[in-house]
Amino acid sequence: MVTIKKRMVNAPAVWDRNMNMNCPSAMMRKLEVALVVFAMMGLPSLSFAESETAAADQPPAPWKGDIWTRESLTGDWGGLRTDLHDHGIDIGLRQSHYGQWVSSGGVRKNGEYGATIDYRSHIDLKKLFGSWEGLSLDIHARTRYGQDVNADAGDLVLQNTGLLMPAPGEYHGTDVTGLTLTQMFPFFGKPAMINGGILDVIDLVTGFFPNVGYGQEGFMNVNAQVSALPWFGAVQGLSLYGGWVTTINPEHKSPETGFLVTGTENESNSLGSVSDAFDKGVWLAGFHRFFWKLGDKRDKPGYFMVFAAGSTRDQKSNEPHDHVIIPGRGIVNTNQSKKPWDVALYVYQEFGHTAGNPDRKTTITLGGTVGPGNPQFAQFNVFANLETFGLMKSRPHDRMGVAGWGNLLSDNFKNLVSPVINLRDLWGVEVYYSVQIIPSVHLTADLQFVQNERDKDNIAVIPAVRLVTDF
């Protein structure tokens, strides 16, 4: 059984206003989801730290208790939530509000308000229908309204993860971004999982790195959370048809070794057929994590992770010699293509645990990706973040963090687009503090300093506030 917690990813589509080279194309047409989705509302899909492998260690249900102690604002709904849970259905709702401003620098000064509603359900099919043990269904739908400032700071800055789904910009609508079937099974003495369907990439990333918190709990900038930008040349979508299989480390309760296969067509706001999703190729990935525990009591977990992937989809070359300038049409590719690949490395370590409360801790995450200069527009990335949970004894449920990141664009790509726009490498710094008002309501203050990809723009200063409520 998956415990519902306040954790709600598809890599965002990015594009250059003047070029449409190897960056993902404009988002596909809208597909509104009927209001019946409300009946399928629920909280996060499988969080590995809370999977069936740790059922005996589950905390109390988040809807139990009074408003000052429970993690769901609206409680047990007169006993309905408990009854549904007993029959295998966990449901919930999260609303996230964002106010964000480009106060100076960037492309232009601007401030916007935007919001999302996440509807999630986890259905234990063994409990509900008497199917075999370990089979479950997860559904994630999102409503987005309002606007963001993602383009005002720079097209590749990605300063608000939460407003990238189902689509960035001025998108308004409700869409299913994740719909997966999961089967748990034993594998040579370890628990394992196979999962397939429509994969919400931000959910997938949070499954690997729980501190990401769906971009709704910690850092807001994609680049501060995960090594991201080089992957966008290959993973062209926010939701993808696909599946993966992984072993679960029983001690750390987290993915250890696995393989992932997806299509290459975005499905986040326009559900297409499975065959269409794989028509232009597949994305193949493999990973392994080397776990350890440090400290006298061996209570400070950490790991080193290798993640490698490539795509069979042909991408247009960004080598300048593979293009010609045609009057009235601009820069045109001469049908030369390459296949993208990436290798990422991560190191994570917890330390500074408070006696008697392992949730009060400090964590550090380091990561980086390397890829080819052709066809990818972003070739290298590095990031580091430091987070503290419960820094003050009087505020044990607050969290805060500081992060820095850098993205090096491909020289091929910069040279190719130089007749239109001069590009440069990107970097940024982010700091935040998140206050727990009550367990179901969190308010975050966030500040980012970013150098975008346009060489004539000044450093962008981007303050923000975020209010997240779990109902």
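The shown structure was predicted, so the numbers you read here are calculated from the model rather than taken from an experiment.

### Points about the pattern of salt bridges
Side-chain pairs of opposite charge can arise whenever the charged atoms involved come near each other.
Okay, step 1: For the structure on display, the rule yields 21 salt bridges.
Okay, step 2: One salt bridge in this structure joins Asp203 and Arg142, with 3.9 Å as the shortest N-O distance. Within this pair, whereas Asp203 is found in helix 4 (residues 201–208), its partner Arg142 is found in strand 3 (residues 135–146), the two being separated by 61 residues in sequence.
Okay, step 3: Put simply, Asp299 and Lys300 hold a salt bridge, and the shortest N to O gap is 3.2 Å.

### A closer look at the packing of aromatic side chains
Okay, step 1: Scanning the entire structure with this criterion turns up 17 aromatic pairs.
Okay, step 2: Taking 5.3 Å as the distance between ring centres and 20 degrees as the angle between the ring planes, the aromatic pair formed by Tyr303 and Tyr348 counts as stacked. Of this pair, Tyr303 sits in strand 9 (residues 300–311) while Tyr348 sits in strand 14 (residues 341–351); the two residues are 45 residues apart in sequence, bridging distant segments of the chain.
Okay, step 3: Geometry around Trp77 places Arg81 over its ring, the cationic atom sitting 4.0 Å from the centre.
Okay, step 4: When the ring centre of Tyr214 is taken as reference, the NZ or CZ atom of Arg120 above it lies at 4.6 Å.

### Structural notes on the pairing of strand 19 (residues 441–451)
Okay, step 1: Pairing between strand 18 (residues 426–438) and strand 19: 11 bridges, direction antiparallel. For Ser434, the partnering residue across the bridge sits in strand 19 and is Thr444.
Okay, step 2: Linking strand 18 to strand 19, which pair antiparallel, is a turn of two residues.
Okay, step 3: Direction of pairing for strand 19 relative to strand 20 (residues 460–470): antiparallel, over a ladder of 10 bridges. Directly across from Phe449, in strand 20, lies its bridge partner Val461.

The rules behind the values
Residues numbered from 1 in each chain as written. Predicted model: local features only at pLDDT ≥ 70, side-chain atom pairs only at ≥ 80, totals over all residues. Heavy atoms only, no water. Salt bridge = Lys/Arg side-chain N within 4 Å of Asp/Glu carboxyl O. Helix = DSSP H or I, 4+ residues; strand = E, 2+ residues; numbered from the N terminus. Phe/Tyr/Trp six-rings, centres within 6.5 Å; stacked < 30°, edge-to-face > 60°. Lys NZ or Arg CZ within 6 Å of the ring centre and 35° of its normal. Pairing = 2+ DSSP bridges.

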